[in-house]
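An overview of the molecular structure
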Amino acid sequence: MNGRVAVVGGHGKTGRAVSSALAARGACPVPLGRADWGSLAGALAGCRTAYVIAPNMHPDEATYVADVAAAATAAGVRRLVLHSVASPYAPAMPHHVGKARAEDVVRRSGLAWTILQPGAYVQNLLPTGPSLRLAYRADAPFGLADLDDLGEAAATVLLEEGHDGATYELASFAATVADVAAAAGSRVEVVSPATWARTDGAGLDPRVREWLLAMFAYYERHGLPVGTLPMRAVLGRAPTTLEALARRWAAEEHGSGADSTR
């Protein structure tokens, strides 16, 4: 079923990973972004399938996804694959609830659909400075998704039959932030939510800051565990391990110098 596959929200890191995996399998990814929004149905023309990634912390993700579904229907797209999140119905986290509402839109869209619910990306836990600052405990349990695994899983679902009506929670391995920091040879600095709000979060939109603080409070209590069997089943292979990523990061640092960014 290779051909043109739209990637709505295709210019961010997730969209680039999905597009790269599609291209590696002989498909033609069509990354779409804000510039295409005014004529989205036209931009989707000729695409049989679309992968939909809403902007991070979108204030009304259900409406965003409904607009994409309507444009896809008008363009003759037959399948939507929605990029959601693990544990979408978590009432303490407003942005997760927004994704739960978006899932409901997709399920009622009249299109064939699949929903992917990835855990947090392990790549998001790599520090860009001397340490990673956290506003929740470093030993909270997570199911973490490797971005390359996620891209490959998305390409599989987009290009192969048998995934209509399926919802997959996706994680590559279980780990804590402390585990990732140790593997990356970095350290974690845990600060209070109030300190984070005054520093790292000070320049954010107030709504986004409050939503992130709610997420940190949830992580402090519960983490975000995600099982790894669905990723293994979709990929048809063992997912990437933290040990393999640690070897990759070490090789990249050795090849690029200590000042390189990941």
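Please refer to the structure higher up on the page.
Bear in mind the structure is a predicted one, so any value in this text is a computation, not a measurement.

Regarding the packing of helix α1 (residues 13-24) against helix α5 (residues 147-159)
Look at α1 against α5: their axes get within 8 Å of each other, and the N-to-C directions meet at 55°. Taken together, the axes of α1 and α5 are oblique relative to one another. Crossing of α1 against α5: the hand is right-handed. Between α1 and α5, the contacting residues are K13, T14, A17, V18, A21 and L22 on the first element and L147, L150, G151, E152, A154, A155, L158 and L159 on the second. Class assignment of the residues belonging to the contact of α1 with α5 gives a composition of ten nonpolar, two polar and two charged.

What to know about the pairing of strand β3 (residues 49-52)
Burial along β3 is two-sided: the face carrying T49 and Y51 and the face carrying A50 and V52 are both buried. Relative to β3, strand β1 (residues 4-8) runs parallel, the two being bridged by four bridges. Paired with V5 across the strands is T49, a residue of β3. As judged from the four bridges shared by β3 and strand β4 (residues 79-83), these two strands associate in the parallel manner. The residue bridging A50 from the neighbouring strand is L80, located in β4. Once the chain exits β3 it traverses helix α3 (residues 61-75) before rejoining the sheet at β4, and the crossover so formed is right-handed.

Some remarks on the packing of aromatic side chains
The description of an aromatic ring pair uses the distance of the two centres, along with the angle that the planes make with each other. Under the criterion given, the structure shown has six aromatic pairs. Pairing F142 with Y219 gives two aromatic rings, centres 4.9 Å apart and planes at 85°, and the pair type is edge-to-face. Taken together, the residues F142 in strand β7 (residues 142-144) and Y219 in helix α8 (residues 206-222) connect sequence positions 77 residues apart. Connected via pairs of aromatic rings, a cluster forms that spans Y136, F142, W196, F216 and Y219. It is R207 that lies over the ring of W211; its NZ or CZ is 4.5 Å from the centre.

Focus: the pattern of salt bridges
Per the counting criterion, the structure on display carries eleven salt bridges. Of the charged contacts in the structure, one is a salt bridge between E152 and R237, with a shortest N-O distance of 2.8 Å. With a gap of 85 residues between them, E152 in helix α5 and R237 in the loop between α9 (229-235) and α10 (242-256) connect regions that are remote in the sequence. Given the relative accessible area of 27%, E152 is considered partly exposed. Among the charged side chains, a salt-bridge network with shared partners connects R133, E189 and D200.

Section: the packing of α3 against helix α4 (residues 94-107)
Relative orientation of the contacting elements α3 and α4 amounts to 25°, with a least axis distance of 7 Å. Judged by the inter-axis angle, α3 sits roughly parallel to α4. Crossing hand, α3 versus α4: right-handed. The segment α3 lies against α4, with E61, A62, V65 and A66 engaging G98, K99, R101, A102, V105 and V106. Here the contact of α3 with α4 is composed, by residue class, of six nonpolar, one polar and three charged.

What about unusual backbone geometry?
Of note in the backbone geometry, M57 takes a positive phi value of approximately 60° without being a glycine. One can find M57 in the loop between β3 and α3. On the basis of relative accessible area, M57 is assigned to the buried category, the value being 8%. Despite not being glycine, S87 shows a phi value in the positive range, around 55°.

So, the sheet that holds strand β5 (residues 112-118)
Adjacent strands of a sheet form backbone hydrogen bonds with each other and so pair up, either parallel or antiparallel. Spatially, the six strands line up as an open sheet ordered β2-β1-β3-β4-β5-β8, and their pairing is parallel. Strands at the two margins of the open sheet, each flanked by one partner only, are β2 (28-32) and β8 (167-170). Recorded for the sheet is a direction-independent mean angle of 20° between the axes of neighbouring strands. Here β5 runs beside β8; their pairing, made up of four bridges, is parallel. Bridge pairing in β8 links P118 to L170. Strands β1, β2, β3 and β4 of the sheet are contacted by α1, whose axis makes an angle of about 170° with β1. The strands that α4 touches are β4, β5 and β8; relative to β5, the one it contacts most, it runs at about 160°.

What counts, and at which threshold
Residues numbered from 1 in each chain as written. Predicted model: local features only at pLDDT ≥ 70, side-chain atom pairs only at ≥ 80, totals over all residues. Heavy atoms only, no water. Axes fitted to C-alpha atoms, helices over the stretch in contact; angles between N-to-C directions. Helix = DSSP H or I, 4+ residues; strand = E, 2+ residues; numbered from the N terminus. Parallel < 35°, antiparallel > 145°, perpendicular 65-115°, else oblique. Left-handed = near helix turned anticlockwise from the far one by under 90°. Contact = heavy atoms within 4.5 Å. Nonpolar A, V, L, I, M, F, W, Y, C, P; charged D, E, K, R; others polar. Buried < 20%, exposed > 50% of the residue type's maximum accessible area, 1.4 Å probe, protein only. Pairing = 2+ DSSP bridges. Right-handed = clockwise from strand over helix to strand, strands pointing away. Phe/Tyr/Trp six-rings, centres within 6.5 Å; stacked < 30°, edge-to-face > 60°. Lys NZ or Arg CZ within 6 Å of the ring centre and 35° of its normal. Salt bridge = Lys/Arg side-chain N within 4 Å of Asp/Glu carboxyl O.

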